[in-house]
Amino acid sequence: DAAEENQRKTESGLALYHPIVSFGYFVAVIAGTLLFINPFFAYASLCCAIICSALINGKKTILATLSFGVPMFIMVALANPLFNHHGATFLFYIEDNPVTLESFIYGLVSGGMMFAAVVWFTCYNTVVSSDKFLYIFGKILPSIALIVSMTLSLIPKLLSQVKVIADSQRTLGMDWKSGSAKQRVVSGARILSILVSWALEDAVTTADSMRARGYGQHRRSNFSIFRFGRRDGIMLSVIAVLFAAEIYTYASGRGSMIFYPTAVWPEMNFVNILLYGAFFALGILPSVIQLKEDRKWKQLK
């Protein structure tokens, strides 16, 4: 059914590679998304992120992401020209405040960049689970790795627990969606209080459990199901080469765009096209891997 299909997708494609490979990939692609304030990088990354999320997360998750990301994009795109009045090309005035074409273009690029980063992080949460993160950093920084892992998994756990608490309170006649304003505030505060108490108790229980198992003690041996193979080495090399091209693009200034006082678009010569193509190849890589896995799965069925 649909649940089994979604579970299969989260355990295939890039998720089948060694944790260092998948973690290194998201470091490379998210870094490239945030480094370059450039329309090509922003929107190429956004398109690749949406395709990747649709393939590995499914329709429900990508729709939830878009419902959050689109308003954020619109807010960022409109906020910049309203508060930033730099630029030589005036479009119109809002209460004696000039709105320029350059600030509007900058807002569109910034909004696309932030939107892409949000979508990539949803893919990261699916592919790089908490146990993989602990595997990578557990031996180096055990305490920090545990805190970061707990933080990354906290939001989905809180959302799930809020629903459980709200349903339980509704059976007691304390529905925060109905009644007078005062009753709804009281019900909402009660749900928040229960949620905070649950979160604190869960954190203490987790910490005690990890301490009892000897987490972070150097004398304790560690078991891992992850093995770095030949396929992982090839994929990591491909990511490293594409990431090196990304760093060269940033260091040489080829990926930069001038917005003020007038917008100067990056030169589209042969070298720049190759570098842009390398970034696009990096962004589309997990989608290609996932599509290949889906095709193999259909053939085996």
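Basis of the calculations
Residues numbered from 1 in each chain as written. Predicted model: local features only at pLDDT ≥ 70, side-chain atom pairs only at ≥ 80, totals over all residues. Heavy atoms only, no water. Phe/Tyr/Trp six-rings, centres within 6.5 Å; stacked < 30°, edge-to-face > 60°. Helix = DSSP H or I, 4+ residues; strand = E, 2+ residues; numbered from the N terminus. Buried < 20%, exposed > 50% of the residue type's maximum accessible area, 1.4 Å probe, protein only. Patch = residues over 30% accessible without salt bridge, like charges linked within 9 Å, V, L, I, M, F, W, Y side chains within 5 Å. Areas by Shrake-Rupley, 256 points an atom, 1.4 Å probe, with all protein chains shown as cover. Salt bridge = Lys/Arg side-chain N within 4 Å of Asp/Glu carboxyl O. Axes fitted to C-alpha atoms, helices over the stretch in contact; angles between N-to-C directions. Parallel < 35°, antiparallel > 145°, perpendicular 65-115°, else oblique. Left-handed = near helix turned anticlockwise from the far one by under 90°. Contact = heavy atoms within 4.5 Å. Nonpolar A, V, L, I, M, F, W, Y, C, P; charged D, E, K, R; others polar.

A. Seen up close, the packing of aromatic side chains. In total, this model carries eleven aromatic pairs according to the counting rule given. A ring pair is formed by Y25 and W120, whose centres lie 6.1 Å apart and whose planes are at 70 degrees; its orientation type is edge-to-face. Placement of the pair is Y25 in helix α2 (residues 19-35) and W120 in helix α5 (residues 101-127), with a sequence separation of 95 residues. Looking at W120, the relative accessible area reads 0%, which means it is buried. Between F73 and F115, the aromatic rings sit 6.5 Å apart at their centres with planes inclined by 35 degrees, giving tilted as the arrangement. With F73 in helix α4 (residues 59-83) and F115 in helix α5, this pair connects stretches of sequence that are 42 residues apart.

B. Spotlight on a nonpolar patch on the surface. Among the surface-exposed residues, V70, I74, L78, L82, F83, L91, F92, I94, L101 and F104 lie close enough to one another that they form a single nonpolar patch of about 900 Å² accessible area. When contributions to the nonpolar patch are tallied by element, the ones reaching two or more residues are α4, β1 (90-94) and α5. If one sorts the elements of the nonpolar patch by residue count, α4 sits on top with five residues. Relative to the elements of secondary structure, I74 occurs in helix α4.

C. How the structure looks around the packing of α2 against helix α9 (residues 230-252). Between α2 and α9, the shortest axis-to-axis distance is 10 Å and the interhelical angle comes to 15 degrees. As the angle between them shows, α2 and α9 are arranged roughly parallel. For the element pair α2 and α9, the recorded crossing hand is left-handed. Contacts between α2 and α9 pair I20, V21, G24, Y25, A28, A31, G32 and L35 from the former with D232, M235, L236, I239, F243, E246 and Y250 from the latter. Within the contact of α2 with α9, the residues separate by chemical class into eleven nonpolar, two polar and two charged.

Purely spatial values, then, with no claim about function.
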